[in-house]
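Residues per chain are reported as follows:
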Amino acid sequence: MITLHGFSASNYYNIVKYVLLYKEIPFEEHEIYGGGDEWLAISPVGKVPAITTADGQHLSESAVICEYLEETYPGKPLYPSEPLERARVRQLMKVAELYLELPSRALIPYAFSGRLAPEPAVANARHQTARGLEAMRRLCRFAPHIAGNTFTIADIYVHYVNAVVLAIGCPQMDWDIIGEVPGMKEWGLAMRDSDIARRVEAGRKANEPAFFEYISKYMTDNPTPGK
Ligand SMILES: N[C@@H](CCC(=O)N[C@@H](CS)C(=O)NCC(=O)O)C(=O)O
């Protein structure tokens, strides 16, 4: 059976968890926040999520894991079979991660220390996010799914990318970022309204106390930049 390593407060962890649930692949969860050599042997950058495959091999990086799961468990496909459509799905995922999620993610240390980021950090995040939004307005279809009429991995990926944008980016940049892409709010509400999304969300909520305990220790050991 596959083991999913990480913690449910992680949006990247939840992407992989969603795919496992969607494809009905048996898996067990191993809650871990980091560690030494043993953890780096599983996840070489030390980030969450990682999986151990059914035959004991380790893999990290959420998008890589999703592709591995698609190729190994092709039932209930999440990637289009036609190469250009498949590339467009990957393009959506990449743009959303690089230009929406990562600028918001850069502000996490400020959010977790309970203060607003300094203006240069906010200005940089705003600049990157504006580029991402311009691209998303051109790429998203919402017809009714993000890449067109078929539910794909891009729906799952961007939905959980947006979790960080909503929780961190919007309040830190004082900006209704999701509202800048016509149709994205409605699509996000529809994405939340499924049994799998509710199960993933229940896991995230249940993980909150342990996650915040971990974060408060982490913030003590790694003070916010610029403090
Ligand atoms: N590119 C990675 C990003 C994963 C990531 O940033 N995970 C966060 C949790 S949401 C993490 O492990 N952070 C801990 C750290 O940076 O040490 C992926 O797609 O899996």
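Just above sits the structure.
Each value, and the rule that gives it
Residues numbered from 1 in each chain as written. Predicted model: local features only at pLDDT ≥ 70, side-chain atom pairs only at ≥ 80, totals over all residues. Heavy atoms only, no water. Helix = DSSP H or I, 4+ residues; strand = E, 2+ residues; numbered from the N terminus. Patch = residues over 30% accessible without salt bridge, like charges linked within 9 Å, V, L, I, M, F, W, Y side chains within 5 Å. Areas by Shrake-Rupley, 256 points an atom, 1.4 Å probe, with all protein chains shown as cover. Salt bridge = Lys/Arg side-chain N within 4 Å of Asp/Glu carboxyl O. Near = heavy atom within 4 Å. Polar contact = N/O pair within 3.5 Å; in protein donor to acceptor, adjacent residues only side chain to side chain. Core = buried A, V, L, I, M, F, W, Y, C linked by side-chain atoms within 4.5 Å. Buried < 20%, exposed > 50% of the residue type's maximum accessible area, 1.4 Å probe, protein only. Contact = heavy atoms within 4.5 Å.

**Q** I'm lost on unusual backbone geometry in this one. Help?
**A** The bulk of non-glycine residues show a negative phi, and the bulk of peptide bonds are trans. The omega angle of the peptide bond from Val 48 to Pro 49 is 10°, so this bond is cis rather than trans. Looking at the element boundaries, Pro 49 is found in the loop between α2 (37-42) and β3 (50-52). In this model, Ala 143 is joined to Pro 144 through a cis peptide bond whose omega is -5°. Looking at the secondary structure, you find Pro 144 in the loop between α6 (119-139) and α7 (153-173). The backbone of Glu 24 shows a phi angle near 55°, a positive value even though the residue is not glycine. Looking at where Glu 24 falls in the secondary structure, it is placed in the loop between α1 (11-22) and β2 (27-31).

**Q** Where do I start with a nonpolar patch on the surface in this structure?
**A** A cluster of nonpolar residues, Leu 98, Tyr 99 and Leu 102, forms a patch on the protein surface that exposes about 220 Å² of accessible area. If you trace the backbone, Leu 102 turns up in helix α4 (residues 83-105).

**Q** How should I be thinking about the site of the ligand in this particular structure?
**A** The environment of the ligand is made up of Ser 10, Asn 11, Tyr 12, Lys 47, Val 48, Pro 49, Glu 61, Ser 62, Glu 97 and Arg 105. Within the backbone of Val 48, an N or O atom sits 2.8 Å from a nitrogen atom of the ligand. At a separation of 2.7 Å, a nitrogen atom of the ligand approaches a polar side-chain atom of Glu 61. Here the ligand loses 76% of its free accessible area of 510 Å² to cover by the protein chains.

**Q** What is the right way to look at the nonpolar core in this model?
**A** One broad trend across soluble globular proteins is that nonpolar side chains are buried collectively. In this structure, Tyr 18, Leu 69, Met 136, Ile 146, Ile 153, Ile 156 and Met 184 are the most contacted members of the largest nonpolar core, which totals 69 residues. Residue contributions to this core peak at 12 residues, all from α7. Among residues more than four places away in sequence, those in contact with Ile 146 are Leu 92, Met 136, Leu 139, Cys 140, Arg 141, Ala 154, Asp 155, Val 158 and Trp 187.

**Q** Can you help me understand the pattern of salt bridges in this one?
**A** Close approach of charged atoms allows side chains with opposite charge to pair. Applying the stated criterion across every chain yields a total of 15 salt bridges. Measuring nitrogen to oxygen at the nearest pair gives 2.8 Å for the salt bridge that ties Lys 185 to Asp 176. On the basis of relative accessibility, which here comes to 38%, the residue Asp 176 falls in the partly exposed class. In this structure, Glu 201 and Arg 204 form a salt bridge, with 2.8 Å as the shortest nitrogen-oxygen distance. Here Glu 201 and its partner Arg 204 are both found in helix α9 (residues 195-221), three residues apart, which amounts to about one turn of the helix. Overlapping salt bridges, with partners in common, bring together Glu 134, Arg 137, Arg 138 and Glu 180 in one network.

**Q** I'm lost on the environment of Glu 97 in this one. Help?
**A** Position of Glu 97 relative to the elements: it lies in helix α4. Assessed through its relative accessible area of 18%, Glu 97 is described here as buried. Separated by 15 residues in the primary sequence, Glu 97 and Glu 82 have C-alpha atoms spaced 23 Å apart. If we skip the residues at most four places from it in the chain, Glu 97 touches Tyr 12, Leu 102, Tyr 157 and Val 161.

Worth remembering: the numbers are spatial, not functional.
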